[in-house]
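Overview (structure and organization)
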Amino acid sequence: MKNDAGSVDFLFNQADTDVSQPGRSDMLSDGSDLLDAYSRTVVGAVARVAPAVVNIGVAQRVKVRSGEREVSGNGSGFVITPDGFILTNSHVVHEANAISVNLPDGRECPAELTGDDPDTDLAVIRIDAPHLTHVRLADSENLRVGQLVIAIGNPLGFEASVTAGVISALGRSMHAQSGRLIDNIIQTDAALNPGNSGGPLVNSAGEVVGINTAMIRPAQGICFAIASNTAKFVAGWLIKDGKIRRSYIGVGGQNVPIHRRIARFYGLPVETGVLVVSVEKNSPAERAGVREGDLIVAFNGEPISSVHHLHKILVGEQINVSASLTIIRHTEKLDIPILPGESPSR
């Protein structure tokens, strides 16, 4: 039976009264007792986490041909401290003019943006409300492929929706909207839809192991979450400083193979490097004398095989700290002193 108005398929099964029904002992022997244990696990985890999961509404002003207009959107988040800090995705609240939070008990609260990091697609907002339930972030390093996980959120406006699945893979990487790669992404088959963004992915103990962030639309069961260990680090800095400090040198690059003869001659341990395709004006790279066409092969003696690898090394601790950039210019190997600066805030 199909309801065209809601595009929802209803399946109606009529029992055949002539077919004998299995007895209680037969039902237990076919695995329903195991299903009950599975169900109890999911129900228990949801009961612990759901009171901390919130629906986030945002309003943004966007430019259109006739001027500007306000658009609204929504996502999910969850309370991480008893004093009202809420973790969500950056793309849910980025550049929002107004943010509101609907709590599971029906309260609606205005929220303020505490900090936003598009490079990891994480953000922290805060509400002023008493009697909040908060959740615990688990150690995502202890996760295993095949482990049961549960996603809670507000997909397509359906509040407090729950899906369950397993961890399909660990250690994935994906591009944030800022262009940087996010490491240690969790792949799961727990179904996610628009509106799930920012909601928790939890283990059987009701601990948050990931932050639901993306899915591949044409595929079935390929969804992604940011690992809780990444979230712990980022959320701590966002609450403290409102942003993540990263260093930069000011080059645009692309991954290229290193000629075998050059790699053998200089004893390079990597087969690829970063070709400099552009140098920003007044950047640390320009001041250090880096040129277009240079091939970056190491930073402070650590081999560099890709743009992503270079991004990983340029952390906050490198800001205004003298370093050495190893490049191949034509066929000559050079060690250039460089002073990384602080990456401009987005």
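Residues numbered from 1 in each chain as written. Predicted model: local features only at pLDDT ≥ 70, side-chain atom pairs only at ≥ 80, totals over all residues. Heavy atoms only, no water.

1. Some thoughts on the overall build of the protein chain
A count of helical and extended segments in the protein chain gives six helices and 22 strands. The buried share among the 346 residues of the protein chain stands at 42%. (Helix = DSSP H or I, 4+ residues; strand = E, 2+ residues; numbered from the N terminus. Buried < 20%, exposed > 50% of the residue type's maximum accessible area, 1.4 Å probe, protein only.)

2. A word on the pairing of strand β14 (residues 223-227)
For β14, the tally of buried residues reaches five of five residues, placing the bulk of the element in the interior. Pairing geometry for strand β11 (residues 181-188) and β14, over four bridges, is antiparallel. By the bridge assignment for β14, glutamine 187 is matched with phenylalanine 224. In the sheet, strand β13 (residues 208-215) pairs with β14 via five bridges, with the strands oriented antiparallel. (Pairing = 2+ DSSP bridges.)

3. Regarding the nonpolar core
Counting 49 residues, the largest nonpolar core has Ile56, Val101 and Ile127 as the members making the most contacts within it. Among all residues touching valine 101, those that are not within four sequence positions of it are Val54, Asn55, Ile56, Ile86, Arg107, Glu108, Cys109, Ala111, Ile125 and Ile127. Core analysis: the next-biggest nonpolar cluster, separate from the first, contains 16 residues, Ile296, Phe299, Ile313 and Ile327 among them. (Core = buried A, V, L, I, M, F, W, Y, C linked by side-chain atoms within 4.5 Å. Contact = heavy atoms within 4.5 Å.)

4. Overview of the environment of glutamate 271
Note on placement: glutamate 271 falls in the loop between α4 (260-266) and β17 (272-279). Looking at glutamate 271, the relative accessible area reads 66%, which means it is exposed. Apart from the residues lying within four places of it in its own chain, the contact partners of glutamate 271 are Val256, Pro257 and Ile258.

5. Focus on the pattern of salt bridges
Summed over all chains, the structure comprises 10 salt bridges. Of the charged contacts in the structure, one is a salt bridge between arginine 246 and aspartate 119, with a shortest N-O distance of 3.3 Å. Here arginine 246, found in the loop between α3 (228-241) and β15 (247-248), pairs with aspartate 119, found in the loop between β7 (108-117) and β8 (122-127); they are 127 residues apart in sequence, far enough to count as distant. In this structure, arginine 246 and aspartate 119 share a single accessibility class: buried. Among the charged side chains, a network of salt bridges with common partners joins Asp117, Asp119 and Arg246. (Salt bridge = Lys/Arg side-chain N within 4 Å of Asp/Glu carboxyl O.)

6. Points about unusual backbone geometry
Unlike most non-glycine residues, histidine 131 shows phi in positive territory, near 55°. Mapped onto the fold, histidine 131 is located in the loop between β8 and β9 (148-153). For histidine 131, a relative accessible area of 76% translates into the label exposed. Even without glycine at this site, asparagine 184 takes up a positive phi of about 55°. Counting through the fold element by element, asparagine 184 comes out in strand β11. Since its relative accessible area comes to 42%, asparagine 184 is described here as partly exposed.

7. Quick notes on the sheet that holds β8
Strands in a sheet are paired, the pairing made by backbone hydrogen bonds, and the direction either parallel or antiparallel. Read around the closed barrel, the six strands follow the order β3-β4-β5-β8-β7-β6; overall the barrel is antiparallel. Within the sheet, the average angular offset between the axes of one strand and its neighbour, ignoring direction, is 40°. (Axes fitted to C-alpha atoms, helices over the stretch in contact; angles between N-to-C directions.)

8. Side note on the pairing of β7
As judged from the four bridges shared by strand β6 (residues 98-102) and β7, these two strands associate in the antiparallel manner. The partner of serine 100 across the bridge, within β7, is proline 110. Hairpin connection between β6 and β7: a loop of five residues separates the two successive antiparallel strands, and glycine 106 in this loop has a positive phi of roughly 100°. With six bridges joining them, β7 and β8 adopt antiparallel strand pairing. The partner of alanine 111 across the bridge, within β8, is isoleucine 127. In sequence, β7 turns back onto β8 through a hairpin of four residues, with aspartate 121 there showing a positive phi of about 55°.

9. Some thoughts on the sheet that holds β9
Pairing in this closed barrel of six strands is antiparallel, and the strands run β9-β10-β11-β14-β13-β12 around the ring. Ignoring which end each strand starts from, the neighbouring axes of this sheet average 50° apart. With five bridges connecting them, strand β10 (residues 161-175) and β11 associate as antiparallel partners. Considered in β11, the bridge of histidine 175 is made with leucine 181. Strands in contact with α3 are β11, β13 and β14; relative to β14, the strand with the most contacts, it is inclined by about 50°.

10. Describing the environment of histidine 330
Structurally, the position occupied by histidine 330 is in the loop between β20 (323-329) and β21 (332-338). For histidine 330, a relative accessible area of 71% puts it in the exposed group. Between the C-alpha atom of histidine 330 and that of isoleucine 262, which follows or precedes it by 68 residues, the distance is 10.0 Å.

11. Some words on the side chain of threonine 230
Of note, threonine 230 is situated in helix α3. Owing to a relative accessible area of 19%, threonine 230 belongs among the buried residues under this scheme. With sequence-adjacent residues up to four places away left out, threonine 230 is seen in contact with Thr120, Leu122 and Asp183.

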